[in-house]
Amino acid sequence: MNTASPAPSRAPIAREAVDLTVPIGGVTLKNPILTASGTFGYGLEYDDFYDVAELGGICSKGLSLEPRHGNAPERIAETAAGMLNAIGLANVGVEAFCKDKLPTLRKRGVAVVANVFATTVADFERLTRRLDGEEGITAIELNVSCPNVDKGGMEFGCDPAAAARVTEACRAATRLPLWVKMSPEAGEPKKVGLACQEAGADALTAINTIRGLSIDVHTWKPRLANATGGLSGPALKPIAIRLVWELSRAVTIPIIGIGGIARTEDAIEFMLAGASAVQVGTANFADPMAAKKVLEGLRDYCAARGLAARELIGKLDYVKR
Amino acid sequence: MNTASPAPSRAPIAREAVDLTVPIGGVTLKNPILTASGTFGYGLEYDDFYDVAELGGICSKGLSLEPRHGNAPERIAETAAGMLNAIGLANVGVEAFCKDKLPTLRKRGVAVVANVFATTVADFERLTRRLDGEEGITAIELNVSCPNVDKGGMEFGCDPAAAARVTEACRAATRLPLWVKMSPEAGEPKKVGLACQEAGADALTAINTIRGLSIDVHTWKPRLANATGGLSGPALKPIAIRLVWELSRAVTIPIIGIGGIARTEDAIEFMLAGASAVQVGTANFADPMAAKKVLEGLRDYCAARGLAARELIGKLDYVKR
Amino acid sequence: MADAAHSKRTLHRLALHRRDSIGAAYHVLTFHAEQPLAVEAGQFAMVRGAAWGDAPLLPRPMSLLTGGHRPSILIKVVGEGTRRMAHASGGEPFDLLAPLGIPWSACPTDRTPLLVAGGVGVAPLVFLARKLGERKALSIYGGRTADDLPMHEELAALGELRVATEDGSRGTRGRVTVALEVALDELARAATPPKVYCCGPDRMMAAVAALCATRGVDCEVSLETPMACGYGVCLGCPVKKSAGGYLYACTEGPCIAAERIDWQATR
Amino acid sequence: MADAAHSKRTLHRLALHRRDSIGAAYHVLTFHAEQPLAVEAGQFAMVRGAAWGDAPLLPRPMSLLTGGHRPSILIKVVGEGTRRMAHASGGEPFDLLAPLGIPWSACPTDRTPLLVAGGVGVAPLVFLARKLGERKALSIYGGRTADDLPMHEELAALGELRVATEDGSRGTRGRVTVALEVALDELARAATPPKVYCCGPDRMMAAVAALCATRGVDCEVSLETPMACGYGVCLGCPVKKSAGGYLYACTEGPCIAAERIDWQATR
Ligand SMILES: Cc1cc2nc3c(=O)[nH]c(=O)nc-3n(C[C@H](O)[C@H](O)[C@H](O)COP(=O)(O)OP(=O)(O)OC[C@H]3O[C@@H](n4cnc5c(N)ncnc54)[C@H](O)[C@@H]3O)c2cc1C
Ligand SMILES: Cc1cc2nc3c(=O)[nH]c(=O)nc-3n(C[C@H](O)[C@H](O)[C@H](O)COP(=O)(O)OP(=O)(O)OC[C@H]3O[C@@H](n4cnc5c(N)ncnc54)[C@H](O)[C@@H]3O)c2cc1C
Ligand SMILES: Cc1cc2nc3c(=O)[nH]c(=O)nc-3n(C[C@H](O)[C@H](O)[C@H](O)COP(=O)(O)O)c2cc1C
Ligand SMILES: Cc1cc2nc3c(=O)[nH]c(=O)nc-3n(C[C@H](O)[C@H](O)[C@H](O)COP(=O)(O)O)c2cc1C
Ligand code: FES
Ligand code: FES
């Protein structure tokens, strides 16, 4: 029984006239569509597909102080409307990133968010300090929620005090905007978010993957060498949107939504729930153009309703009965 | 690169010769396939389909002391490979259950697990005491993890001390086996499980749904009247299997696995991860015969490999490298 | 007719026999059933493609247009499930859980059946009109435009048809309630008072129910709510009762006396 | 041939032109491409049904059998994705991300190309045999049974074919390595030493690589690992290098010198 009234809208405007800009903790992104860490390489793999500078920004693969080989195969397994990954944060290391990747990205003119990972507070701080000096970085995203490493992953992100310690240390090491990436496995996600806000975070990114396990019933072995892996993709989407909604009502800093976004409608759901911007992750795999398509669809949606993108943020129409 | 060796097996045996029995905290179920609370009515809706006594058991819709109307519509919404529900524990109440449903179920000869829900420890105890006197109940399942009620739902299930208090109170009120249903949203699920074990639980059921939110981008309203609802179905399965694996290594009491089971292979995954039995939930909706099909497939699997069902329990072949 | 509601509900695996498009948005799917499907007008099936895999997950409730060896449904494309049905080709296997729900109640011989349909809601009413056969139902059929009147030819062939469209592109301009008022006025003078059977959007059914209540005319509606199971176990299909509390559309409906529903609550 | 690896990778929406079954488990899917697809032998596509919706989620890596206006793939049904492909009907839209990966390296004129295929691994080798054309490759093709040799006729038509099956139901009984040893012995006396191109199950490729290493024969393999993206961004397709660390099969392979792989690690 659903004859609900349509959402607010004004007279249609031209696509080019749509204001897609969104403010995120000190910076203004040209639009709210970014790509998620670990699902977009270093942003340099897309020359055949499109100009990544059209996006609101890109998040680098998780960077550590030293290069990391990552986990043994198998690293990925598909599940219902989702996938598990246990990449183990394979990456070129922060030095190679600054030397080999960043200069090209700078030339492209794309907003770069450096996603970083460490196993100690001190190393998080070192990474942040190292990046602070680099030109062409729009924000640093602290991955305190990686489920696929033995040490230092989710532990930080599940405990408000620990998350705050990491944030505080990094805050002291840079004037760049700091985004903290939330773990959906925290027992009290709002407390973690608030703790990060108080410790100086400029925005929260939500969410990272949730750990899952998939077993081969022929061999009785896990389908991933690491046994568990992080669940991503559409399967996760309703959980992620719920967390964005909860967080956005608990904190005052902006939220960047992630989790299963594949279509424009998904991005809009996150924004209505309270996200100021979103990141497209797993969807890049099936379609390298996914993020751009989400962006173009958002432009259409806003044009048809005469809205600016930022007018969607947190506009979920809900009153508790 | 996967040429892994197959799992242990013996010479095939006849289907009828397969030993499907599994011991669950004091009782022996005729087989490990049950149906999940809230997805199988009161077990009396299946006369057109099959004899539910063939199953290892059925779990009643969540029972409260007084009848409950439940939430306003919409109560359900589909998501990617899953669904959200916010039924709000609509049920006939424990009295009507004992008077109108249980006598017929007794005649059917099916093992009945009474799933109960309350908003206070005292009411949990009262419910348990009320059911304790009834003939034909195999176990009581304490739903301390319902995400769809304002009070008393997940709070108990997310906090080890609170979960223990409920378990302890109910333990004193009955000699029937007590199963405690785990919330996947607990920050420290192993601690909750251990606390329940110490408080006298005979088994843990894992998992209940995880809260999600889905938004209609045309109306900007939540697709459920309650805004959030519990996510169930295949989307959830890898998370549920991971939690069963974690819990089964933390506690010594048996685990009953639930979450997205639709096929025999799914049930086997849960058993390999450490479940002694499983419950089929959302899959009953698309196919009322789902649980029976899972059971027959399990019989085939065991027959082909000359295994007893209980030989699957916890046999995941994994050594941390 | 309600006796056949006791037919055994079964999950039937049926191959699609043919699919006929009606304009862009409507399709009739006809299945091939070795064993005839015993269904009554107003009953429904939960329909799902056997090869859909994990998504879409749930079956979709669809009124049956016919039973027997050639069960059929009329679908309107509104989302992923109906989109898949609209692309199905002959031979494709479907699972139909049927027959489900309470059918239309019989129309007493001292009453004139008056059918009020909106858009795709016509399906259970076409079935009913066929059953009524010689009694030649009077039907009122409304839609937004002329394109939203699938099966208007069938209805016309089965009795008298009056059409109303909101944009006036076919029949009278306006809502069905206007045409219904006229019909009720006419029948007020007739020997056999009318009994209204109505299926369409909630807002239309609410308006028809209200009109019939004022006129003291019997009115039965066919409820449409989202459903997960269709057979009474999920409690996902509540409809607010005028007497308070909820009834469940899949087992207490879909066909039900309009007066039992709290139409205020259907937003 | 490697120059064409620089062809622009594009997501092509192509309609299925035809599907040809080979026994129960194998199918050739041929697509219709308005613009010819520029691909080299050994390259692959990430393939996904455009109407699959949310599940299966990821595209499936498939070696290209042909490019041009009629790109085609050979599939073996092993799971949900390939099952769907095996049921696809003409006209069904698919997305192919292609061309991807490193193709087979050219076979120098002073070498005799020797193709070693296992089961469905034959696809990139049939493509290669076609490219070799006049040079008439010698092929060795193995499978469990005679049913596991799809495209053996194509290979036979393109040069000399020697078949080995584990159950002896066609050709010599046993593994391909036995037939390969014989061939290498023969070619040891030839003027142009052999260059081996191999694609099949890991265990077969490991054995072929080991044999070639002992004999000092150049050997190139085509790697098969699960892949999520196919173009280097997910890091889901690592293969252990003999030099330590991992290489990524989608961008550093799939065609690669066998000696670069640590075959012990491929369990
Ligand atoms: C008893 C019964 C009989 C029905 N008979 C028919 C019929 O004969 N022909 C027909 O085309 N449809 C019929 N429906 C409606 C049909 O079930 C829905 O349109 C269908 O489930 C939508 O599935 P989808 O996957 O295409 O859309 P979804 O992606 O599930 O939903 C798309 C949009 O449709 C809305 N929607 C979902 N379910 C319903 C519903 N039950 N009623 C109204 N809107 C809904 C959603 O809120 C959403 O906005 C019937 C429903 C019931 C309960
Ligand atoms: C570069 C490349 C080229 C390929 N070319 C072909 C080809 O020409 N024809 C063809 O039929 N297949 C080919 N494959 C393998 C093919 O990609 C897989 O068989 C396919 O992805 C399985 O999908 P599915 O959904 O049917 O099975 P899933 O449900 O995904 O898996 C079913 C079973 O297959 C196993 N599996 C999954 N992926 C692979 C893989 N890549 N290799 C081996 N086993 C796997 C799984 O572990 C599981 O046990 C190729 C793979 C690669 C990497
Ligand atoms: C293959 C893969 C690798 C990932 N690597 C990282 C990473 O390095 N750092 C990080 O913060 N998140 C990482 N993530 C998590 C994603 O950024 C994102 O939070 C998550 O996948 C949910 O979004 P999605 O469903 O759109 O993919 C990774 C995800 C995937 C699938
Ligand atoms: C419609 C619906 C109603 C449910 N009601 C209850 C309930 O009353 N009590 C309870 O403990 N769990 C309830 N659950 C949770 C299920 O028992 C089960 O834990 C969950 O759905 C995950 O399993 P599944 O994915 O197989 O459905 C309900 C689930 C659904 C979908
Ligand atoms: S649809 Fe499940 S109870 Fe009505
Ligand atoms: S498949 Fe994604 S990096 Fe190779």
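The residue numbering used here restarts from 1 in each chain and proceeds along that chain's sequence as written. Numbering of ligands from 1 and lettering of chains from A proceed in the order in which they are written. For this predicted model, a pLDDT threshold of at least 70 governs which residues receive local features, and a threshold of 80 or more governs which side-chain atom pairs are given and counted, while totals over whole chains, interfaces and linings are taken from all residues. Heavy atoms throughout the structure, all of them, feed into the side-chain values; hydrogens and water do not.

We call two residues contacting when some pair of their heavy atoms lies within 4.5 Å. Contact residues are listed per partner, giving 34 residues for chain B and 29 residues for chain C. Reported buried area values correspond to the accessible surface (1.4 Å probe) lost by two parts on association, with both partners' losses combined. When chain B packs against chain C, close to 2,600 Å² is buried across both sides, 60% of that on carbon and sulfur atoms. Three residues stand out in chain B for area buried against chain C, namely Asp-48, Glu-78 and Phe-285 of chain B, and they jointly supply 24% of the buried area on that side. Any Lys or Arg side-chain nitrogen found within 4 Å of a carboxyl oxygen on Asp or Glu counts as a salt bridge. If you look at where chain B meets chain C, you find three salt bridges.

Looking now at the pairing of strand S5 (residues 72-76) of chain C. Residues and elements named next belong to chain C. Any residue under 20% of the maximum accessible area for its type is buried, any over 50% is exposed, and the rest in between are partly exposed; the area is computed with a 1.4 Å probe on protein chains only. Secondary structure is summarised from DSSP: a helix means a run of H or I of at least four residues, a strand means a run of E of at least two, and numbering begins at the N terminus for each. Counting buried positions over the five residues of S5 gives four, a clear majority of the element. For two strands to be treated as a pair, DSSP must find no fewer than two bridges joining them. For strand S2 (residues 26-32) and S5, the ladder comprises five bridges, and the chain directions are antiparallel. Looking across to S5, one finds that Tyr-26 is bridged to Lys-76. Pairing of strand S4 (residues 60-66) with S5, which is carried by two bridges, proceeds in the antiparallel orientation. Paired with Thr-66 across the bridge in S5 is Ser-72. In this structure, the hairpin formed by S4 and S5 is closed by a connection of five residues, where Gly-68 is found at a positive phi of approximately 70°.

Moving on: the site of ligand 2. Only heavy atoms are used to decide nearness, and a residue is near a molecule or strand if one of them lies within 4 Å of it. In the vicinity of ligand 2 there are 22 residues, among which Arg-60, Pro-61, Leu-74, Gly-81 and Thr-82 of chain D approach most closely. In this structure, ligand 2 is bordered by residues of chains B and D. Any pair of N or O atoms that falls within 3.5 Å is considered a polar contact. Within protein, one atom must be able to donate a hydrogen and the other to accept it, and sequence-neighbouring residues count only if both atoms are side-chain atoms. Pro-61 of chain D places a polar main-chain atom, nitrogen or oxygen, 2.6 Å from an oxygen atom of ligand 2. About the coverage of ligand 2: the protein hides 78% of its 860 Å² of free accessible area. Counting residues per element, the ones that place at least two in the shell around ligand 2 are strand S4 (60-66), strand S5 (72-76) and helix H1 (80-87) of chain D. It is S4 of chain D that provides the largest number of residues to the shell around ligand 2, a total of four residues. Classes in brief: Ala, Val, Leu, Ile, Met, Phe, Trp, Tyr, Cys and Pro nonpolar; Asp, Glu, Lys and Arg charged; the others, Gly included, polar. Looking at the shell around ligand 2, its residues break down into twelve nonpolar, six polar and four charged. Method for areas: the Shrake-Rupley scheme with a 1.4 Å probe, in which residue coverage is limited to the protein chains shown.

Let us look at the packing of helix H5 (residues 189-198) of chain A against helix H6 (residues 237-250) of chain A. Residues and elements named next belong to chain A. For helices, the fitted line uses only the C-alpha atoms of the stretch in contact; every axis is such a line through C-alpha atoms, and the angle between N-to-C directions lies from 0 to 180 degrees. It is the contact of H5 with H6, at a shortest axis distance of 9 Å, that shows an interaxial angle of 45°. Relative to H6, the element H5 is oriented oblique. Handedness of the crossing formed by H5 with H6: right-handed. Contacts between H5 and H6 involve Pro-189, Lys-190, Gly-193 and Leu-194 on the former and, on the latter, Leu-243, Glu-246, Leu-247 and Ala-250. Any angle from 65 to 115 degrees is called roughly perpendicular, while one under 35 is roughly parallel, one over 145 is roughly antiparallel, and all others are oblique. Handedness of a crossing is defined here by the sense of rotation of the near helix relative to the far one, left-handed for an anticlockwise turn of less than a right angle and right-handed for a clockwise turn.

As a further point, take the relation of the copies chain A and chain B. To line up the copies, we fit them by least squares on C-alpha atoms, keeping just the residues with pLDDT of at least 70 in both. Rotating chain A by 180° about the axis while translating it 0.0 Å along that axis superimposes it on chain B, leaving an RMSD of 0.0 Å. What the rotation and shift describe, once combined, is the action of a two-fold rotation axis. By C-alpha distance to the rotation axis, the residue of chain A lying nearest is Gly-187 of chain A, at 1.7 Å. Take the interface residues of chain A: 100% of them recur as interface residues in chain B, which is what a same-surface contact looks like.

Now for the packing of aromatic side chains. Between the rings of Phe, Tyr and Trp (Trp by its six-membered ring), a pair exists once the centres lie within 6.5 Å; its type follows the angle of the planes, with under 30 degrees stacked, over 60 edge-to-face, and the other angles tilted. Summed over the entire model, instances satisfying the criterion amount to 20 aromatic pairs over all chains. Geometrically, the ring pair formed by Phe-40 of chain A and Tyr-46 of chain A is stacked, given 3.8 Å between the ring centres and 15° between the ring planes. Among the residues examined, Phe-40 of chain A registers a relative accessible area of 0% and is labelled buried. Under the relative-accessibility criterion, Tyr-46 of chain A is labelled buried at 0%. Here the aromatic residues Phe-40, Tyr-46, Phe-49 and Tyr-50 of chain A together with Tyr-231 of chain D are joined through ring pairs into a cluster of three or more. Any Lys NZ or Arg CZ that is within 6 Å of a ring centre and within 35 degrees of that ring's normal is treated as a charge sitting over the ring. Directly above the aromatic system of Tyr-246 of chain D lies the positively charged group of Arg-75 of chain A, at a separation of 5.1 Å from the ring centroid. The ring of Tyr-301 of chain A carries the charged tip of Arg-305 of chain A above its face, separated from the ring centre by 3.8 Å.

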